[in-house]
Amino acid sequence: DVDLGNMRLTAVLPDADGALWIATYGLGVLRLANGTATRYGQADGVPHDVIWDLSRDRQGRVWLASSRGARYFDGRRW
């Protein structure tokens, strides 16, 4: 479970399927889909738990930007 009550958001990026990608200050990246929050942190390849921004490239990949680098999501990991 993810406690969304005290979360500090830094960016939100909608997906074509209605899900939301959420960049956080301290919790990595969250994906909200169908009422479920999935958290992606350092164990999932996120370089740092403080995420500054999210974006999408021409191929449709979701990218994150942190103080320790940028990564894209390959469908399983960053």
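Note that the coordinates shown come from a computational prediction; the quantities given were computed from them, not determined experimentally. (Residues numbered from 1 in each chain as written. Predicted model: local features only at pLDDT ≥ 70, side-chain atom pairs only at ≥ 80, totals over all residues. Heavy atoms only, no water.)

Caption draft 1: Just the sheet that holds strand β1 (residues 9-14), in detail. Ordered by their spatial adjacency, four strands build an open sheet running β1-β2-β3-β4, and the pairing between neighbours is antiparallel. In this open sheet, the two edge strands, each paired with only one partner strand, are β1 and β4 (36-40). Neighbour to neighbour, the strand axes of the sheet diverge by 20 degrees on average, direction disregarded. Direction of pairing for β1 relative to strand β2 (residues 20-24): antiparallel, over a ladder of five bridges. Each bridged residue has a counterpart across the sheet, and for P14 the counterpart in β2 is L20. (Pairing = 2+ DSSP bridges. Helix = DSSP H or I, 4+ residues; strand = E, 2+ residues; numbered from the N terminus. Axes fitted to C-alpha atoms, helices over the stretch in contact; angles between N-to-C directions.)

Caption draft 2: Highlighting unusual backbone geometry. You will see that N34, though not glycine, has its phi angle at about 55 degrees, which is positive. Topologically, N34 is positioned in the loop between β3 (29-33) and β4. Judged by relative accessible area, N34 falls into the exposed class, the value being 83%. (Buried < 20%, exposed > 50% of the residue type's maximum accessible area, 1.4 Å probe, protein only.)

Caption draft 3: Representation of the environment of L64 in the model. Summarising the element assignment, L64 is placed in strand β6 (residues 62-66). The exposure class of L64 is buried, given its relative accessible area of 2%. Distance from L64 to T36, taken between C-alpha atoms, is 20 Å for residues 28 residues apart in sequence. Among all residues touching L64, those that are not within four sequence positions of it are V29, V46, P47, I51, D53, L54, G69, A70, R71 and W78. (Contact = heavy atoms within 4.5 Å.)

Caption draft 4: Spotlight on the sheet that holds β6. Spatially, β5-β6-β7 is the arrangement adopted by the three strands of the open sheet, whose pairing is antiparallel. The strands lining the two open edges of the sheet, one partner per strand, are β5 (51-56) and β7 (69-72). Taking each pair of neighbouring strands and ignoring which way they run, the sheet shows an average axis angle of 20 degrees. Note: β5 against β6, five bridges, orientation antiparallel. Of the residues in β6, the one forming a bridge with I51 is S66.

Caption draft 5: Quick peek at the pattern of salt bridges. Counted according to the given criterion, the structure contains five salt bridges. Residues R56 and D15 are paired through a salt bridge, measuring 3.2 Å at the closest nitrogen-oxygen approach. One end of the pair, R56, is in strand β5; the other, D15, is in the loop between β1 and β2, and 41 residues separate them in sequence. Via salt bridges that share partners, D15, D17, R31 and R56 belong to a single interconnected network. (Salt bridge = Lys/Arg side-chain N within 4 Å of Asp/Glu carboxyl O.)

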